[in-house]
Amino acid sequence: GLFWWVRKTSLIENAFLRAQRTLSKKTSLTRKLDAMLLYSGLNRYIPILNTENWILLQLIFSGAVILIISTFKIALWKGVLVISVFAAAQYILVSILIGGNYKRVDDDLLKFLDFLGNYSITSGEITSILYQISGYLEEPLRGALEECYYEAQTFGDTSAALLSMTKKIQHPKFAEVVRNIEVTMRYSADFTILVNQSRRSVREHMRMRQERKSLAKEAWVNMMILGAMTVVIFMTVESLVGVSVEEVLMGTWIGRGCLMGIGVILLLFYRQVRAIDR
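K.L.:
Residue-level account of the overall build of the protein, with values.
P.N.:
Scanning the protein from N- to C-terminus turns up 11 helices and 0 strands. Element order for the protein, N to C, with α for helix and β for strand: α-α-α-α-α-α-α-α-α-α-α. Across the 278 residues of the protein, 29% fall into the buried class. Across the protein, contacts joining residues at least 24 apart in sequence account for 61% of those joining residues at least 6 apart. Counting every atom, the protein has about 17800 Å² of accessible surface; 65% of that belongs to carbon and sulfur.

Printed below as a string of structure tokens:
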């Protein structure tokens, strides 16, 4: 009985360790998706939306498409196309939301520092001041500052609450300002110096961002020109060969492969343009 119990306990422990390792791998694989949902703010409007539910949605949608094409004898590639377009549309939507939040943080950063400079700050009341400032700012900064205050009040660790806030906002300058606030608070340094230095740093960041926005506009124009040229080339080929381009692209595996390749190139180009615009 004792040996059986020891063996059973060992099996349970090994199974638990294997499950823990699997969950750790899953967390590392889905970390980027976690960050995208957090930075987009979608889970603020849809509280039940998390990485697991997002993946479940993809599986349900893909399963429904496969069921439909198998029931109605539709070509497999059409189902793959629908699933790919659905995934690409979600990526574009999330990236647009992330970009919008990034811009709002950009617009609020100087206002945040101006309000911060109006207070006589001591280390013990920094999160209370951040909470008061939050009422004058837009999302996502407003929510992040409020959560920082509540976290500090609940757990009594102001430094941890400040550093945790930097992970909720995708903006390097904001993260830099908050980390400097935490260091200044920890060593009881002069907050006035911090605010003045941060203002200069943020103004330089905004100047550089204007330059990047000009580059991004040029890239958008180039992307539109590329798309228009692709359409012109297809129309020219169609007139020369006398065969419908639609039939070639949609009716042959080579055409479908080319179409998918064009879609991937455009998506990668879009991703690069979004990166430049930040």
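K.L.:
Can you break down the nonpolar core residue by residue, with the values?
P.N.:
Counting residues in each nonpolar core, the largest one holds 28 residues, and the members touching the most others are F112, L116, L130, L162, M165, F174 and I181. Looking at this core, the elements that each hand over two or more residues are α4 (76–117), α5 (126–134), α6 (141–155), α7 (158–166), α8 (172–186) and α9 (191–241). Residues within four places of F174 in sequence aside, it is in contact with V105, L109, F112, L141, M165 and I169. By size, the runner-up hydrophobic cluster in this structure holds 6 residues, among which are L49, W54, V94 and I98.

K.L.:
Which residues make up the packing of α4 against helix α11 (residues 253–276), and what values do they have?
P.N.:
Between α4 and α11, whose axes approach to 12 Å, the crossing angle comes to 5 degrees. Our classification of the angle between α4 and α11 gives roughly parallel. Every residue of α11 that contacts α4 at W77, V80, Y91, I92, S95, I96 and G99 is listed here: W253, R256, M260, L267, Y270, R271 and R274.

K.L.:
Provide a residue-level description of helix α3 (residues 51–71), including the pertinent values.
P.N.:
With 21 residues, α3 should cover 30 Å at 1.5 Å per step; its first-to-last C-alpha distance of 30 Å lies within 8% of that length. Listed as buried for α3 are T51, W54, S62, V65 and I69. Seen along its axis, α3 keeps its buried residues to an arc of 70 degrees; they face one direction. For α3, exposure combined with an orientation more than 90 degrees from the buried face picks out L59, I60 and L67. Between the side-chain oxygen of the N-cap and the backbone nitrogen of E52 there are 3.2 Å, and the N-cap of α3 in question is N50. Where α3 terminates, the next one or two residues include K73, which has phi positive at roughly 55 degrees.

K.L.:
Help me get a handle on α4, residues and values and all.
P.N.:
Across its 42 residues, α4 extends 61 Å between first and last C-alpha, which sits within 8% of the 62 Å expected from 1.5 Å per residue. The largest bend in α4 comes to about 35 degrees, at D108.

K.L.:
Which residues make up a nonpolar patch on the surface, and what are the values?
P.N.:
Side chains of V221, I225, M229, I233, V237, L240, V241, V243 and V248 sit close together on the surface and give an oily, nonpolar patch of about 800 Å² of accessible area. Here I233 is to be found in helix α9.

K.L.:
Describe the packing of aromatic side chains, listing the residues and the values that go with them.
P.N.:
Per the stated rule, a full pass over the model turns up 8 aromatic pairs. Between F61 and F86, the aromatic rings sit 3.8 Å apart at their centres with planes inclined by 20 degrees, giving stacked as the arrangement. Of this pair, F61 sits in helix α3 while F86 sits in helix α4; the two residues are 25 residues apart in sequence, bridging distant segments of the chain. Residue F61 is classed as partly exposed on the basis of its relative accessible area, which comes to 25%. Here the basic side chain of R256 rests over the ring of W253, its NZ or CZ set 4.8 Å away from the ring centre.

Analysis parameters
- Residues numbered from 1 in each chain as written.
- Predicted model: local features only at pLDDT ≥ 70, side-chain atom pairs only at ≥ 80, totals over all residues.
- Heavy atoms only, no water.
- Helix = DSSP H or I, 4+ residues; strand = E, 2+ residues; numbered from the N terminus.
- Buried < 20%, exposed > 50% of the residue type's maximum accessible area, 1.4 Å probe, protein only.
- Contact = heavy atoms within 4.5 Å.
- Areas by Shrake-Rupley, 256 points an atom, 1.4 Å probe, with all protein chains shown as cover.
- Core = buried A, V, L, I, M, F, W, Y, C linked by side-chain atoms within 4.5 Å.
- Axes fitted to C-alpha atoms, helices over the stretch in contact; angles between N-to-C directions.
- Parallel < 35°, antiparallel > 145°, perpendicular 65-115°, else oblique.
- Expected span 1.5 Å × (residues − 1).
- Arc of directions from axis to C-beta.
- Polar contact = N/O pair within 3.5 Å; in protein donor to acceptor, adjacent residues only side chain to side chain.
- Bend = angle between axes of the 7 residues up to and from the residue.
- Patch = residues over 30% accessible without salt bridge, like charges linked within 9 Å, V, L, I, M, F, W, Y side chains within 5 Å.
- Salt bridge = Lys/Arg side-chain N within 4 Å of Asp/Glu carboxyl O.
- Phe/Tyr/Trp six-rings, centres within 6.5 Å; stacked < 30°, edge-to-face > 60°.
- Lys NZ or Arg CZ within 6 Å of the ring centre and 35° of its normal.

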